[in-house]
Amino acid sequence: MRNRRHRSRAGVALATAALLCGGVLTACDAQGGNSSAPGSPSHRKPSPSPTPSWDTSPRSLAAVGDSITRGFDACSVLSDCPEASWATGTDAAVDSLATRLLGKKRAASHSWNHAKTGARMADLTGQIQQAAAERPELLTVMTGANDACRPSAAAMTPVGRFRAEFQEALRALRRELPRTQVYVASVPDLKRLWSQGRTNPLGKQVWKLGICASMLADPDDLDAAATERRASVRDRVVAYNKVLEDVCEKDRYCRYDGGAVFDYRFDGDQLSHWDWFHPSKDGQSRLAEIAYRQVTSRKPVA
């Protein structure tokens, strides 16, 4: 159930390139007839660009993503409940990331939720453009579940397209906010959510309405085809998380959660008792706790 343990190292690629460039320039100068003597200023390698420090106490926050960040089904059936959002919610039972970072009073005026139920990675650029207007110091991203949760496994977003859409979304952010920090949560393990929710009769009735059919359709069917279908959805989520990690790693101010959300072993207490799939208030609180631990650490949490 565990995925990779690589952690983002913001700025490593840039620093390495600077060192390599310095070495190449020195070698070229040494071949010229007018090159300076070793040890002169022209032979000194340029200093690598410093790795930017991660701000562990940002003063404003905007959230983008899908139904999880909207608190869907955390309060009532088939309804958003943004006050229960792990990122920006006001419910004391959740103790959202915004409340933990900013305090209750400041969170009310300096946190914004631009997530939308049903959103996929293709929608992220538009959400980020909206969020950029508030000029937040921290942007939280949790999206990708709906790219895997399609009417069928064959309809899932291809990995290449998912990558291109995420890259474009970050480029859109950097055009407006070059130094805003980004916390990227991994996509949850949808197969584990199926395995937990399938034991609840009410949850399975709600699933028939079409929630994540690629994973949840015919939840009690354990034949080879159904098992293969669910495995393919899980594999796609793993691939999406690899994309999130890889793309985030190339951005100096982006921090991926290292698979913490994917690895979290949600159980019945953390699942909505309306649909047994989305997080309950308790589950939202766990997501806030994971995010807070990552954001307030000077280095990515191991």
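Quick caveat, the model's predicted, so the values are computed rather than measured.

> Hey, could you go over a nonpolar patch on the surface for me, with residue numbers and the actual values?
Together, Val77, Leu78, Leu209 and Trp274 make up an exposed nonpolar region whose accessible area comes to about 380 Å². By the element assignment, Leu78 lies in the loop between β1 (61–65) and α2 (97–102).

> How would you sum up the state of the cysteines? Please name residues and give values.
Counted under the stated rule, the structure contains 3 disulfides. The partner cysteine of Cys75 in its disulfide is Cys81, sulfur to sulfur 1.9 Å. In this structure, the disulfide formed by Cys75 and Cys81 twists by about -60 degrees around the S-S bond and is classed as left-handed. Since its relative accessible area comes to 1%, Cys81 is described here as buried. One disulfide bridge connects Cys248 with Cys254, the sulfur atoms lying 2.0 Å from each other. Linking Cys248 and Cys254, the disulfide has an S-S dihedral of approximately -110 degrees and is accordingly described as left-handed.

> Could you give an account of the packing of helix α4 (residues 124–132) against helix α6 (residues 159–176), with specific residues and numbers?
For any two helices packed against each other, one specifies the crossing angle of their axes together with the interaxial distance. Close contact between α4 and α6 brings their axes to 8 Å; oriented N to C, the two are set at 15 degrees. By the angle class used here, α4 and α6 are roughly parallel. Classified by chirality, the crossing of α6 by α4 is right-handed. Contacts between α4 and α6 involve Leu124, Thr125, Ile128, Gln129 and Ala132 from the first element and Glu165, Phe166, Glu168, Ala169, Ala172, Leu173 and Glu176 from the second. Looking at side-chain class alone, the contact of α4 with α6 contains 7 nonpolar, 2 polar and 3 charged residues.

> Could you give me a rundown of helix α10 (residues 224–249), with the residues and numbers involved?
Think of an α-helix as 3.6 residues a turn; residues three or four steps apart then line up on the same face. Look at α10: 37 Å from first C-alpha to last across 26 residues, which is about the 38 Å you get at 1.5 Å a residue. The backbone nitrogen of Ala225 lies 3.3 Å from a side-chain oxygen of the residue at the head of α10, namely Asp223.

> Outline the packing of α6 against α10, listing residues and values.
Look at α6 against α10: their axes get within 10 Å of each other, and the N-to-C directions meet at 30 degrees. Crossing of α6 against α10: the hand is right-handed. Side by side, α6 and α10 meet where Val159, Phe162, Arg163, Phe166, Gln167 and Leu170 of the first sit next to Arg236, Ala239, Tyr240, Val243, Leu244, Asp246, Val247 and Cys248 of the second. For the contact of α6 with α10, the per-class residue count stands at 10 nonpolar, 1 polar and 3 charged.

So, how was this worked out
Residues numbered from 1 in each chain as written. Predicted model: local features only at pLDDT ≥ 70, side-chain atom pairs only at ≥ 80, totals over all residues. Heavy atoms only, no water. Patch = residues over 30% accessible without salt bridge, like charges linked within 9 Å, V, L, I, M, F, W, Y side chains within 5 Å. Areas by Shrake-Rupley, 256 points an atom, 1.4 Å probe, with all protein chains shown as cover. Salt bridge = Lys/Arg side-chain N within 4 Å of Asp/Glu carboxyl O. Helix = DSSP H or I, 4+ residues; strand = E, 2+ residues; numbered from the N terminus. Disulfide = S-S within 2.5 Å. Buried < 20%, exposed > 50% of the residue type's maximum accessible area, 1.4 Å probe, protein only. Axes fitted to C-alpha atoms, helices over the stretch in contact; angles between N-to-C directions. Parallel < 35°, antiparallel > 145°, perpendicular 65-115°, else oblique. Left-handed = near helix turned anticlockwise from the far one by under 90°. Contact = heavy atoms within 4.5 Å. Nonpolar A, V, L, I, M, F, W, Y, C, P; charged D, E, K, R; others polar. Expected span 1.5 Å × (residues − 1). Polar contact = N/O pair within 3.5 Å; in protein donor to acceptor, adjacent residues only side chain to side chain.

As far as function goes, none of this settles anything; it's purely spatial.
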